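# Understanding the architecture of this molecule
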Amino acid sequence: MRSSRTAPVPPQHTAPYADAVLRTTAHDWLRLNVPGHAACAGQFADLSGLLGDAPLRLDVPPLLEGIDLGPDSPLDRALGLAAEAWGARRTWFLTNGASQGNRIAVLAARSLGDTLVVQRSVHSSVIDGLVLSGLRAAYVHPSIDPDLGIAHGVTADDLAAALAANPGAAAAHVVTPSYFGAVADVRALADTAHRAGVPLIVDEAWGSHFGFHPDLPAGALAHGADLVVSSTHKLGGSLTQSAMLHLGEGPYADVLEPHLQRVFHLTQSTSASALLLASLDLARRTLVTGKEAITASLDAADAMRAAVRATGRFGVVSDGFARFPDIAAADPLRVAIDTRAGGIGGHEARRRLMTEHRIMVEVATDSAIVAVVGAGAAPDPVRFAEALHALPAPLAGSAAPARLRLPAPGPVRMTARAAFLAPGGAVPAERAVGRVSADTLSAYPPGIPNVLPGEVITRELVDFLRRTAATPGGHVRGAADHAVTTLRVVDE
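Residues numbered from 1 in each chain as written. Predicted model: local features only at pLDDT ≥ 70, side-chain atom pairs only at ≥ 80, totals over all residues. Heavy atoms only, no water.

### Some words on the overall build of the protein chain
What the protein chain contains, in helices and strands, is 17 helices and 20 strands. Here the C-alpha radius of gyration of the protein chain, 24 Å, is about what a compact globule of 492 residues would show, namely 23 Å. C-alpha extents for the protein chain along the principal axes are approximately 75 × 55 × 50 Å. Taken across its 492 residues, the protein chain has 54% of its residues classed as buried. Here the contacts in the protein chain between residues at least 6 apart in sequence split such that 71% fall between residues at least 24 apart. (Helix = DSSP H or I, 4+ residues; strand = E, 2+ residues; numbered from the N terminus. Rg over C-alpha atoms; globule rule 2.2 N^0.38 Å. Buried < 20%, exposed > 50% of the residue type's maximum accessible area, 1.4 Å probe, protein only. Contact = heavy atoms within 4.5 Å.)

### Quick word on unusual backbone geometry
A cis geometry characterises the amide bond from Val34 onward to Pro35, with omega recorded as 5°. Omega for the bond connecting Thr176 with Pro177 falls within 30 degrees of zero, at 0°, which places this linkage in the cis form. Here the phi dihedral of Ala39 falls at roughly 60°; this positive angle occurs in a residue that is not glycine. Within the secondary structure, Ala39 sits in the loop between helix H1 (16-24) and helix H2 (45-51). Although it is not a glycine, Asp72 adopts a positive phi angle of roughly 55°. On the secondary structure map, Asp72 appears in the loop between helix H3 (53-58) and helix H4 (74-86). Residue classification places Asp72 among the exposed positions, given a relative accessible area of 52%.

### Thoughts on the sheet that holds strand E1 (residues 90-94)
Through backbone hydrogen bonds, the strands of a sheet pair up, either in parallel or in antiparallel fashion. Sheet architecture is open: seven strands sit in the order E1-E10-E9-E8-E6-E2-E3, paired in mixed fashion. Each of the sheet's edge strands pairs with one partner strand only, and the pair in question is E1 and strand E3 (136-140). Across this sheet, the average inter-strand angle for adjacent strands is 20°, counted without regard to direction. Note that strand E2 (residues 115-119) and strand E6 (residues 171-175) share three bridges and pair parallel. Across the sheet, the residue bridging to Leu116 is Ala171, located in E6. Running at roughly 135° to E1, helix H11 (residues 274-289) makes contact with E1 and strand E10 (243-247) of the sheet. (Pairing = 2+ DSSP bridges. Axes fitted to C-alpha atoms, helices over the stretch in contact; angles between N-to-C directions.)

### Points about the environment of Leu421
Along the chain, Leu421 turns up in helix H15 (residues 416-421). Residue class for Leu421 comes out exposed when judged on its relative accessible area of 55%.

### A few points about a nonpolar patch on the surface
On the surface, Phe44, Leu47, Leu50 and Leu51 cluster together into a nonpolar patch covering about 380 Å² of accessible area. Here Leu47 falls in the partly exposed class, since its relative accessible area comes to 31%. (Patch = residues over 30% accessible without salt bridge, like charges linked within 9 Å, V, L, I, M, F, W, Y side chains within 5 Å. Areas by Shrake-Rupley, 256 points an atom, 1.4 Å probe, with all protein chains shown as cover. Salt bridge = Lys/Arg side-chain N within 4 Å of Asp/Glu carboxyl O.)

### Some details on the nonpolar core
By size, the foremost hydrophobic cluster in this structure holds 99 residues, and its most contacted members are Tyr17, Phe93, Leu130 and Leu260. Considering every element that reaches this core, the biggest residue donor is helix H5 (residues 97-109), with seven residues. With residues up to four places along the chain from it excluded, the contact list for Phe93 reads Leu75, Ala78, Leu79, Ala82, Ala243, Met244, Phe264, Gln268, Leu277, Leu280 and Asp281. One finds Val117, Leu189, Ala193 and Val202 within the second-largest nonpolar core, a separate group that totals 25 residues. (Core = buried A, V, L, I, M, F, W, Y, C linked by side-chain atoms within 4.5 Å.)

### Here we look at the pattern of salt bridges
Pairing is possible between side chains that carry opposite charge, provided their charged atoms lie close to one another. On inspection of all chains with the given rule, the structure shows 20 salt bridges. The shortest N-O distance in the salt bridge between Asp254 and Arg89 comes to 2.8 Å. One end of the pair, Asp254, is in helix H10 (residues 253-267); the other, Arg89, is in the loop between H4 and E1, with 165 residues separating them in the sequence. Residue classification places Arg89 among the partly exposed positions, given a relative accessible area of 30%. Asp463 serves as the salt-bridge partner of Arg459, at 3.8 Å between the closest nitrogen and oxygen. In this pair, Arg459 and Asp463 both sit in helix H17 (residues 459-470), four residues apart, roughly one turn of the helix.

### A closer look at the sheet that holds strand E14 (residues 363-364)
Sheet architecture is open: four strands sit in the order E11-E13-E15-E14, paired in antiparallel fashion. Since the sheet does not close on itself, it has two edges, and those belong to strand E11 (315-316) and E14, each with one partner. Along the sheet, helix H12 (residues 291-311) contacts E11 and strand E13 (334-338); its crossing angle with E13, the most-contacted strand, is approximately 15°.

### What to know about the packing of aromatic side chains
For the coordinates displayed, the defined rule picks out two aromatic pairs. Taking the centre distance of 4.7 Å and the plane angle of 50° together, the rings of Tyr179 and Trp206 count as tilted. Linking Tyr179 in the loop between E6 and strand E7 (182-183) with Trp206 in the loop between strand E8 (200-203) and strand E9 (227-230), this pair joins segments that are 27 residues apart in sequence. Judged by relative accessible area, Trp206 falls into the buried class, the value being 8%. Across from the ring centre of Tyr139, 5.9 Å away, lies the NZ or CZ of Arg120, which sits over that ring. A cation over an aromatic ring shows up here: Lys234 above the ring of Trp206, its NZ or CZ 5.2 Å from the ring centre. (Phe/Tyr/Trp six-rings, centres within 6.5 Å; stacked < 30°, edge-to-face > 60°. Lys NZ or Arg CZ within 6 Å of the ring centre and 35° of its normal.)

### A word on the packing of helix H7 (residues 156-164) against helix H8 (residues 186-195)
In the contact formed by H7 and H8, the axes pass within 9 Å of each other and the chain directions differ by 20°. If you check the angle between H7 and H8, you find them roughly parallel. The hand of the H7/H8 crossing is right-handed. Contact residues: Ala156, Leu159, Ala160 and Leu163 in H7; Ala188, Leu189, Thr192 and Ala193 in H8. (Parallel < 35°, antiparallel > 145°, perpendicular 65-115°, else oblique. Left-handed = near helix turned anticlockwise from the far one by under 90°.)

### So, the pairing of E8
Two faces, one strand: in a regular strand the side chains alternate between the faces of the sheet. Here E8 shows no split at all, with Leu200 and Val202 on one side and Ile201 and Asp203 on the other all buried. By the bridge criterion, four bridges tie E6 to E8 in an arrangement that is parallel. Paired with Val175 across the two strands is Asp203, which belongs to E8.

### Concerning H4
An ideal rise of 1.5 Å per residue puts 18 Å on 13 residues; H4 measures up with 18 Å between its terminal C-alpha atoms. Every buried residue of H4 is listed here: Pro74, Leu75, Ala78, Leu79, Leu81, Ala82, Ala83 and Trp86. Contacts made by the buried residues of H4 are with H1, E1, E9, helix H9 (232-235), E10 and H11. (Expected span 1.5 Å × (residues − 1).)

Written as structure tokens, this is what we have:
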């Protein structure tokens, strides 16, 4: 006789925190607490008109029993499921993006030493962490594609040399995958860091989807990383500004965990958004259970690359990755395209795709654009390919503009913290050449610093930043003004 019992739902197929928040909407609440809209859609018609009624009802405050308070709360269960899904000892949900995760990682590393061996092409939030922590930085320079002006990753040999030159370092901090989808050999980097007696921190902001499909690279934790920053909203499907921080089950877990918890409380809002937290819970469930949807995403990205190769006009950036010893694999959900090869700069290509074809791509540089396909998303590759190949080439008889080369950083004169806090002020850009920068200046996106606090500003850097700011959609994060006519420097 067939049993009438319903099979239990596997824990990873549940979303305990998101479900607990959703259950609150089943009751008629008189809300005399914050947030001030009190879920009154009628009285806050502008807000409900923008978002709909549901987000207001789901926008519950923290510290509620049955949601995030009490033993074995839904939030605790959601965090445990996330740690299990990513192979972590412990996971933290972040509501200020992977930038918060990088700052936490650097601040926690300060307890292990006074020098961070760090990839020079890290995100600007890592430099923010250096400013906050006071750690001295010893930079490991990544490989550079000089034609496209793209920074990739670092090799284990280069990391080993930097660690040998800085005995007693606190940790090593690297980035993988890169903005353009280059994946480093994390196992070799982790082994190198551990032989030197330090933990490996990986900014895996762009790899939150890794490990959830057999055709995707494995995540950094699976390769021995000790602490991993995951920008889950990027390709993992959670809401913008939500992210995770994962602590691995490595040799440094016991010493790192209490420091991470303290710094998490220092940096996380005391009014963390339930909407962001719930979206992280749901994104984890979707990644764990979404193999078929991710297969469709991979097929769409493959079709985009095939369409680019078929015409021969543009180039696929990842097709050249084999030339670089630091690249072990490529993220197949990143479609990076050399538009200069087809006669149009990346910034102009991105602008025209948006204004003329209503297609958004993630990033543009002087030479390339990057389209990303979220894990589980199903974009139309034909629409993208047709719009891309409809972009104008240079007029007959005219040449494509010269490529804007990525400039080398200037020499280091001060620590990031000392330069950031030192007396100084804004001076005309021409007069800043040869002076020590007080700011982090990053062509944005991708937000990789071109100038760091404490580094000397060179003529090449000034020209690069000003040209970037002058391009449609170009922006220099940290600049004293939009056009980079002035720069903040340390007093001489």
